[in-house]
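Residue strings, one per chain:
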Protein chains: 2
Amino acid sequence: MRDEAPRAVTAICRSLQEQIAHGLLQPGGQLPSERKLSELFDTTRITLREALGQLESQGLIYREDRRGWFVSPPRIAYNPLVRSHFHAMVREQGRLPATEVLTARLVPAAADICARLGLPALSGVVQIRRARRIDGRLVLYVEHYLNPSYFPGILDYDLTRSLTELYASEYGIHYGRVRFDMVPTALDPEAATTLRTAPGSPALRITRLNRDQHDRLIDCDVEYWRHDAIHVCVEVPE
Amino acid sequence: MRDEAPRAVTAICRSLQEQIAHGLLQPGGQLPSERKLSELFDTTRITLREALGQLESQGLIYREDRRGWFVSPPRIAYNPLVRSHFHAMVREQGRLPATEVLTARLVPAAADICARLGLPALSGVVQIRRARRIDGRLVLYVEHYLNPSYFPGILDYDLTRSLTELYASEYGIHYGRVRFDMVPTALDPEAATTLRTAPGSPALRITRLNRDQHDRLIDCDVEYWRHDAIHVCVEVPE
DNA sequence: TAGTGGTCTAGACCACTGA
DNA sequence: CAGTGGTCTAGACCACTAA
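Since the structure is predicted, the reported quantities are computational estimates derived from the model, not experimental observations.

**Quick notes on the overall build of chain A**
Here's step 1: Secondary structure assignment for chain A yields 7 helices and 10 strands.
Here's step 2: Referenced to the eigenvectors of the C-alpha coordinate spread, the extents of chain A come out at roughly 60 × 40 × 35 Å.
Here's step 3: Carbon and sulfur atoms form 52% of the exposed surface of chain A, whose accessible area is close to 11,100 Å².
Here's step 4: One way to put it: in chain A the 30 positive side-chain charges average out to a point 3 Å from where the 30 negative ones average out.

**Points about the side chain of Thr 185 of chain B**
Here's step 1: Within the fold, Thr 185 of chain B resides in strand β7 (residues 175–186).
Here's step 2: Engagement of the side chain of Thr 185 of chain B in a polar contact is seen with the backbone oxygen of Gln 58 of chain A, the distance being 3.2 Å.

**Remarks on the pattern of salt bridges**
Pairing is possible between side chains that carry opposite charge, provided their charged atoms lie close to one another.
Here's step 1: As enumerated under the stated definition, the model contains 26 salt bridges over all chains in all.
Here's step 2: A salt bridge links Arg 49 of chain B to Glu 34 of chain B, with the shortest nitrogen-to-oxygen separation between them at 2.8 Å. Highlighted residues: Arg 49 of chain B in helix α3 (residues 45–58) and Glu 34 of chain B in helix α2 (residues 34–40), separated in sequence by 15 residues.
Here's step 3: A residue is classified by how much of its surface remains accessible, and Arg 49 of chain B, at 37% relative accessible area, is partly exposed.
Here's step 4: What makes Glu 34 of chain B buried here is its relative accessible area of 13%.
Here's step 5: For Arg 216 of chain B, the salt bridge identified is with Asp 212 of chain B, shortest N-O distance 2.8 Å.
Here's step 6: A relative accessible area of 32% places Arg 216 of chain B in the partly exposed class.
Here's step 7: Exposure remark for Asp 212 of chain B: the relative accessible area of 2% places this residue in the buried category.
Here's step 8: Because the salt bridges share partners, they merge into one network encompassing Glu 34, Arg 45 and Arg 49 of chain A.

**Some details on the pairing of strand β1 (residues 61–64) of chain B**
Residues and elements named next belong to chain B.
Here's step 1: Residue alternation in β1 divides its side chains into two sets, Ile 61 and Arg 63 and Tyr 62 and Glu 64, and both sets are buried.
Here's step 2: The sheet contact formed by β1 and strand β2 (residues 68–71) spans 4 bridges and is antiparallel. Residue pairing in the sheet places Glu 64 in a bridge with Gly 68 of β2.
Here's step 3: From the end of β1 to the start of β2, which pair antiparallel, there are 3 residues, and Arg 66 there has a positive phi angle of about 65°.

**Observations concerning the protein's contact with DNA strand C**
Here's step 1: Taken together, the neighbourhood of DNA strand C is formed by 23 residues, with Arg 35 and Arg 49 of chain A together with Ala 8, Thr 43 and Arg 67 of chain B sitting nearest.
Here's step 2: Within 4 Å of the protein, the contacting atoms of DNA strand C are 59% sugar and phosphate, with bases supplying the remainder.
Here's step 3: Within the side chain of Arg 45 of chain A, one N or O atom sits 2.8 Å away from a base nitrogen of DNA strand C.
Here's step 4: Here a base nitrogen of DNA strand C sits 3.2 Å away from a polar atom, N or O, in the side chain of Arg 66 of chain A.
Here's step 5: Going through the elements one at a time, α2 (34–40) and α3 (45–58) of chain A together with α1 (8–21) and α3 of chain B are the ones with two or more residues in the surface near DNA strand C.

**Quick word on α3 of chain A**
Here's step 1: The first and last C-alpha atoms of α3 of chain A sit 20 Å apart over 14 residues, in line with the 20 Å expected at 1.5 Å per residue.
Here's step 2: On the buried face of α3 of chain A, the contacting elements are α1 (8–21), α2, β1 (61–64), β2 (68–71) and β8 (202–212) of chain A together with β7 of chain B.
Here's step 3: Downstream of α3 of chain A by a residue or two, Gly 59 of chain A has a phi angle that is positive, lying close to 90°.

**Quick word on the protein's contact with DNA strand D**
Here's step 1: Around DNA strand D, the structure places 24 residues, and the nearest of them are Ala 8, Thr 43 and Arg 67 of chain A together with Arg 35 and Arg 49 of chain B.
Here's step 2: Take the atoms of DNA strand D that sit within 4 Å of the protein: sugar and phosphate atoms are 62% of them.
Here's step 3: Between DNA strand D and Thr 44 of chain A, the relevant distance is 3.4 Å, taken from a phosphate oxygen to a main-chain nitrogen or oxygen of the residue.
Here's step 4: At 2.5 Å from a phosphate oxygen of DNA strand D is found a side-chain nitrogen or oxygen belonging to Arg 67 of chain A.
Here's step 5: Listing elements by their share of the surface near DNA strand D, those giving two or more residues are α1 and α3 of chain A together with α2 and α3 of chain B.

**Section: unusual backbone geometry**
Here's step 1: One non-glycine residue, Arg 66 of chain A, adopts positive backbone phi at about 60°.
Here's step 2: Positionally, Arg 66 of chain A belongs in the loop between β1 and β2.
Here's step 3: With relative accessibility at 76%, the residue Arg 66 of chain A sits in the exposed group.
Here's step 4: Phi at Asp 42 of chain B is positive, roughly 55°, even though this residue is not glycine.
Here's step 5: Tracing the sequence through the fold places Asp 42 of chain B in the loop between α2 and α3.
Here's step 6: Looking at Asp 42 of chain B, the relative accessible area reads 69%, which means it is exposed.

What counts as what
Residues numbered from 1 in each chain as written. Chains lettered and ligands numbered in written order. Predicted model: local features only at pLDDT ≥ 70, side-chain atom pairs only at ≥ 80, totals over all residues. Heavy atoms only, no water. Helix = DSSP H or I, 4+ residues; strand = E, 2+ residues; numbered from the N terminus. Areas by Shrake-Rupley, 256 points an atom, 1.4 Å probe, with all protein chains shown as cover. Lys, Arg positive; Asp, Glu negative; His and termini not counted. Charge placed at Lys NZ, Arg CZ, Asp CG, Glu CD. Polar contact = N/O pair within 3.5 Å; in protein donor to acceptor, adjacent residues only side chain to side chain. Salt bridge = Lys/Arg side-chain N within 4 Å of Asp/Glu carboxyl O. Buried < 20%, exposed > 50% of the residue type's maximum accessible area, 1.4 Å probe, protein only. Pairing = 2+ DSSP bridges. Near = heavy atom within 4 Å. Expected span 1.5 Å × (residues − 1). Contact = heavy atoms within 4.5 Å.

Structure representation (C-alpha cells):
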C-alpha cells in the first residue's frame, strides 16, 4: 500500500488542514500566493497546486478566478423537505443572502425544457438567470424556466426577490409537489464564469421540477452550487 | 472573458466527450494510456491529466489506481425517501450488486459516534466496514456503527447480506425515522484505498442516523460514494 | 506596473500491473 | 519485464487583478 508514503502533496495538505483547523486561517481568509507557498513547502507550483486541488475537493478551501485561494466558510444546510426559499434558508442560519439577476426574458424553449415542463415543441418559456451569494461569496448559479401561461407580466416585477413569494403574492400560486434531482458534477462553463471560478470546479447540480397546488407543472430550475457551500439534510419520518 | 480561448485542455475535453457521447468509448471501457493520449493530442502528460481530471469531476470518466482511466457507467438513482437497501435498489435498476465485508468487530466508540448514537463515554460499538460494487465496479465504502445492546450475536451472521433484512428477520427491528446528511467532498484515505482510487478523488459522503419502530437510535453509518455513481432523487409530496 | 493565478512545456524516477 | 499511472522537478509566457 501507499499508507506510509510521505508524499509531498499529503504533507502539504496536512499542514494546511492543521492551520485551518486551529483557526490560524480564518474562514473567508486568503491563503498566501502559490509562489510563496511553494517556496515555503520547498516544492514546485505544480505539486503545490495538486495539494490545493485536493483541499478544494474536500471543500476546505476554494478559489476565485485569478484572485487566489480562500478558506471555505461553513456549509449551509439545505433541506428539500422544508418549503423554504434561498433568502429565508440562509437568514435562518445566521448568514447574509443576496441575489442578482443576470438575465430575464422570454426564450425559445430547449427540447429538454419542453419535455420537463410538458410544453409543446417550439414553445416560448420565461428564462431567469440569477446568481446568489452567502455573506458576499458567490455560491449559486440558477436558471429558472417558467411556463409563461401561468405568469403573465412576470418580467416586470423585481426578480431579485424570492420567486416563491412572487408566485404567491401576485399570482396566487403555491408550490405543491416538487421533484429534486441532485448530482455531484462539475460547474457548467456558464456557471463557472458567473461564479468567477475555474472551469471544471466541483459542484452540486440540483434540478427541481415544481408543481402548484393544482398539481400543474409550473416551472423548473437548474441550480449549480459550489460543492463546498451546502450539505443536504433529509429527515425521513415514520 | 475567456469564452473564446481555445485552451488545449478544453479541446481535449470536448474531443473525449464527443467520443463518449457517440458511443465510440463504451461505459466501463478503458481509455488509451496517458502517454498515447498526450501524443495523440500533441501535448504533455501534465496537460492531458488536467483534462482527464476535469472529465472525472464531471463524472464522465473515472480512474482505478494505477490501472488507468475508464468511462463511467450510468448513475444509480438513490432515493432517501424510499425504504430500500443497496441490493434491492441496484437490482431494481437492472444492475448487479455485490457486497464484501472488510472487517466486523466490537470496537471502542469514537467520541462522535457516541454522541450520535447517544451512548455513554467509552462504550463499545459494533463496527462493520464493507465495500460494495455495481456491475463489478467498486462504488461505495461504508462504515456501520451499531448499538450492541440491540443486536447480540450479530457478528456471527453473514454480513454480506442487507443489514435491513437481518435486523428484521433476526431481531424484529425495523427502521423508523431516518436522518440523512449528504456532503459533496473527497474520499477519505481509507475509502480511497478500499475503492482503489486516487486519494482526494471527489465523493459524496452520506451519513445516516437510523431509529427503529420504537424511535430508538439503533445504528448510524457513513457511506462514501464515488461521486459519479449516483444521483439523489427526492419526491416531495403535498 | 508588479505580482498573481492560469496554462503549458519537457523532461525524470518510482512502484505497480498485467502479460 | 515492458508499460502504466503516480509523483515530482524547473522552468516559461500570458492575461488579469489590485495597488
